[in-house]
Amino acid sequence: MTAKSADRIRYAPYDACTLGIFPAENSQKTLLYLHGGGLEGGARDNAALFSALNGRGVSVVSAAYRLYPEAKFPDFICDAAAAVQWTLGYAGQYGAGGTETYILGSSAGAYLTMMLCYDTLFSQEAGFRPTDLSGFIFHSPQPTTHFRVLQERGVDRRAVRIDDASPLYYVAERPMPRQLLITYENDMPGRREQNAMAHKVLEAYGIEHEFLVLPGGHCSGEYPDASGNIPLMPHILRFMEEK
């Protein structure tokens, strides 16, 4: 981290909507990070990943958002959209701006990131377009309706639905930013298979993306391994370099 780091900056008018800023020296790239936690938990702190990104010249903005049980669909998606708009408009004031802005969502955060990419209603209401970002990284998302949203609607959390709360429902042939879709060999039950389906849907529409299946369990690649390396890092950096 750097001496310029800032914490608990409010980006929307809700107590949960705070972010931390971790600028890199002379950075031209900014990454907005949305944490996982099943839309009912989790935290925006991931010091090892943020420090590694800073060391490679990437500034990080990490946003928290409203969660169940206080939040209801689509509150958390609206918060994610507001975090993107804040990052595009204000990160530079904290030394974390750049000519390229990316978004990385992990697990539940990846579900939010997918919804922002495919359902343009949220970005329009927040005042940006998905193509204003240089790329979207979906780290082990649920591309169907999220299991916690199913629970809110009185549906079994194990059910698979493609409806108005599903990212795949909104996939269409239109200008799209670059996308990196990542899952794991031993991901959550059904998660690898759902992401393989998402890959085929994107492929059918001719949407530029890369699909990776990494070794390990759910989202394990964003944390240091036994050697102290973060397995996700080379994939993030390569994606940012391949424009």
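Please refer to the structure higher up on the page.
Heads up: these notes are all about the structure in this document. It should be emphasised that the depicted structure is a prediction, and the values quoted were computed from it without experimental measurement.

**Some words on the packing of helix α2 (residues 75-90) against helix α3 (residues 108-118)**
Here's step 1: Following both chains from N to C, one finds α2 and α3 inclined at 75°, their axes separated by 9 Å at the closest point. Relative to α3, the element α2 is oriented roughly perpendicular. Of the residues in α3, those touching α2 at F76, I77, A80, A81 and V84 are Y111, L112, M115 and L116.
Here's step 2: Across the contact of α2 with α3, the residue classes break down as nine nonpolar, no polar and no charged.

**Looking at the side chain of H146**
Here's step 1: Secondary-structure assignment places H146 in the loop between β6 (135-139) and α5 (147-152).
Here's step 2: Apart from the residues within four sequence positions on either side, H146 is in contact with G38, L39, A108, Y111 and A165.

**Let's talk about the sheet that holds strand β1 (residues 6-10)**
Here's step 1: In space, the eight strands of this open sheet follow the order β1-β2-β4-β3-β5-β6-β7-β8, with mixed pairing throughout. Since the sheet does not close on itself, it has two edges, and those belong to β1 and β8 (209-217), each with one partner. Between one strand axis and the next, the sheet turns through 20° on average, direction left out of account.
Here's step 2: Note: strand β3 (residues 29-34) against strand β4 (residues 58-63), six bridges, orientation parallel. Residue pairing in the sheet places L32 in a bridge with V61 of β4.

**Concerning the side chain of D119**
Here's step 1: Examined against the element boundaries, D119 turns out to sit in the loop between α3 and α4 (120-126).
Here's step 2: Summary of buried charges: D119 has no salt-bridge partner, and the nearest side chain of opposite charge, R174, is 6.6 Å away.
Here's step 3: Sequence-distant contacts of D119, that is, excluding residues within four places in its chain, are made with Y170 and R174.

**Some remarks on helix α1 (residues 47-55)**
Here's step 1: Among the residues making up α1, those that are buried are L49, F50, L53 and N54. One face of α1 carries all of its buried residues, which in axial projection span an arc of 135°. Summarising the geometry of α1, the exposed residues directed more than 90 degrees from the buried face are A47 and G55.
Here's step 2: The first or second residue beyond α1 is G57, which carries a positive phi of 80°.

**Some remarks on unusual backbone geometry**
Here's step 1: Cis geometry marks the peptide bond from Y68 to P69; its omega dihedral reads 5°.
Here's step 2: The topology assignment puts P69 in the loop between β4 and α2.
Here's step 3: A cis geometry characterises the amide bond from F73 onward to P74, with omega recorded as 5°.
Here's step 4: Note that P74 resides in the loop between β4 and α2.
Here's step 5: One non-glycine residue, L39, adopts positive backbone phi at about 65°.
Here's step 6: By relative accessible area, L39 is classed as buried at 0%.

**A look at a nonpolar patch on the surface**
Here's step 1: A cluster of nonpolar residues, I162, Y169 and M197, forms a patch on the protein surface that exposes about 290 Å² of accessible area.
Here's step 2: With respect to the secondary-structure elements, I162 resides in the loop between α5 and β7 (178-186).
Here's step 3: For I162, a relative accessible area of 46% puts it in the partly exposed group.

Thresholds applied
- Residues numbered from 1 in each chain as written.
- Predicted model: local features only at pLDDT ≥ 70, side-chain atom pairs only at ≥ 80, totals over all residues.
- Heavy atoms only, no water.
- Axes fitted to C-alpha atoms, helices over the stretch in contact; angles between N-to-C directions.
- Helix = DSSP H or I, 4+ residues; strand = E, 2+ residues; numbered from the N terminus.
- Parallel < 35°, antiparallel > 145°, perpendicular 65-115°, else oblique.
- Contact = heavy atoms within 4.5 Å.
- Nonpolar A, V, L, I, M, F, W, Y, C, P; charged D, E, K, R; others polar.
- Pairing = 2+ DSSP bridges.
- Buried < 20%, exposed > 50% of the residue type's maximum accessible area, 1.4 Å probe, protein only.
- Lys, Arg positive; Asp, Glu negative; His and termini not counted.
- Salt bridge = Lys/Arg side-chain N within 4 Å of Asp/Glu carboxyl O.
- Arc of directions from axis to C-beta.
- Patch = residues over 30% accessible without salt bridge, like charges linked within 9 Å, V, L, I, M, F, W, Y side chains within 5 Å.
- Areas by Shrake-Rupley, 256 points an atom, 1.4 Å probe, with all protein chains shown as cover.

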